[in-house]
Amino acid sequence: MPSSGHRLRDVEHHPLLTENDSYDSAAASPAEADVADRVWFIRDGCGMICAALTWLLVVYADFVVTFVMLLPSEDFWYSVVNGVVFNCLAVLALSSHLRTMLTDPGAVPKGNATKEYMESLQLKPGEVIYKCPKCCCIKPERAHHCSICKRCIRKMDHHCPWVNNCVGEKNQRFFVLFTMYIALASVHALVLCGLQFIACVRGQWTECSDFSPPVTVILLIFLCLEGLLFFTFTAVMFGTQIHSICNDETEIERLKSEKPTWERRLRWEGMKSVFGGPPSLLWMNPFVGFRFRRLQTRPRKGAPEFSV
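Model, not experiment: these values are computed from the prediction.

Asks: Looking at this structure, I do not really get the environment of His 97. What am I missing?
Replies: Structurally, His 97 is set in helix H3 (residues 76–102). Taking the C-alpha atoms as reference points, His 97 and Leu 177, separated by 80 residues in sequence, lie 8.4 Å from one another.

Asks: How do you make sense of the pattern of salt bridges when you look at a structure like this?
Replies: Note that side chains of opposite charge can pair when their charged atoms are close. As enumerated under the stated definition, the model contains five salt bridges in all. Put simply, Arg 142 and Asp 248 hold a salt bridge, and the shortest N to O gap is 3.1 Å. With a gap of 106 residues between them, Arg 142 in the loop between strand E3 (137–138) and strand E4 (143–146) and Asp 248 in the loop between helix H6 (213–247) and helix H7 (251–255) connect regions that are remote in the sequence. Asp 248 gets classed as buried once you look at its relative accessible area, which sits at 4%.

Asks: Looking at this structure, I do not really get a nonpolar patch on the surface. What am I missing?
Replies: Together, Phe 76, Trp 77, Val 80, Val 81, Val 84 and Val 85 line one region of the surface with nonpolar side chains, adding up to about 580 Å² of accessible area. The residue Val 84 is located in helix H3 in this model. Since its relative accessible area comes to 47%, Val 84 is described here as partly exposed.

Asks: Could you clarify how one ought to interpret the side chain of Thr 54 in this entry?
Replies: When you line up the elements, Thr 54 lands in helix H2 (residues 45–70). Apart from the residues within four sequence positions on either side, Thr 54 is in contact with His 97, Trp 162 and Phe 178.

Asks: Would you mind showing me how to read the packing of H6 against helix H8 (residues 267–275) here?
Replies: One can describe the packing of H6 onto H8 by two numbers: an axis separation of 7 Å at closest approach and a directional angle of 115°. In this view, H6 runs roughly perpendicular relative to H8, as classed from their interaxial angle. Taken together, the residues of H8 that come into contact with H6 (itself represented by Ile 242, Ile 245 and Cys 246) are Arg 267, Gly 270, Met 271, Val 274 and Phe 275. Residues that form the contact of H6 with H8 fall into these classes: six nonpolar, one polar and one charged.

The rules behind these values
- Residues numbered from 1 in each chain as written.
- Predicted model: local features only at pLDDT ≥ 70, side-chain atom pairs only at ≥ 80, totals over all residues.
- Heavy atoms only, no water.
- Helix = DSSP H or I, 4+ residues; strand = E, 2+ residues; numbered from the N terminus.
- Salt bridge = Lys/Arg side-chain N within 4 Å of Asp/Glu carboxyl O.
- Buried < 20%, exposed > 50% of the residue type's maximum accessible area, 1.4 Å probe, protein only.
- Patch = residues over 30% accessible without salt bridge, like charges linked within 9 Å, V, L, I, M, F, W, Y side chains within 5 Å.
- Areas by Shrake-Rupley, 256 points an atom, 1.4 Å probe, with all protein chains shown as cover.
- Contact = heavy atoms within 4.5 Å.
- Axes fitted to C-alpha atoms, helices over the stretch in contact; angles between N-to-C directions.
- Parallel < 35°, antiparallel > 145°, perpendicular 65-115°, else oblique.
- Nonpolar A, V, L, I, M, F, W, Y, C, P; charged D, E, K, R; others polar.

Dropping the structure here:
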């Protein structure tokens, strides 16, 4: 119990610290600073399987679009234009997926509920601060504990197994881009499937593909089902995320019907906060801010994440 007059409570909700009262990384130990410079990755079996499955499905869609529909086409420019567009969307989607998965979502450092750190906050006597009993950290405002990441996450929206990570303060932008590009790629694939079916029916399935008619039908039907499922899921998630950003409210806060103790941002202020800066084409670029990090071969002991 601190002796400075403020109180420390082991609770999971309604923290009083603001988002700006973050852990002082400059005062952290060299080991903690070294960990902060590594790539974030969650060692969750289900999440890693879902993430790998996401990549396999995108690669499958690219294979069908390229080798079943576009390369056999006699229209050169039709194949080139659609091939470039679809592959660009696939690359942007997978890049956004990687940035979402490998970006720290806003984790609060473990074990920062120390006497020295609380004294550095210069709290007023009698002021209440909240500690997470699961990861022993001082919880900032709007932070929630994730049972899979084993950490408190700032502005945690939800934990998504498809990206094997939480969606929070620092990676929500990449998750929004991921859902948007997957939805666009799904629509493009569905349109190409429809055109391919029409071409195959008119040509009586003789020269519309390099594969046999039964194999072509199976590949196209599976791609249509995949496109419909992916589009439905990602379009809903994209709309939900944009709505949450505009209302400055996370999904957890909405489901728990938490009364806002913070001053809500206006719609465009929320968008600029998540995407960084005024509206521009850079909002659509998942590579903005990317930098290579050092290769680390030794995992951090006692934590669910390690660095590569």
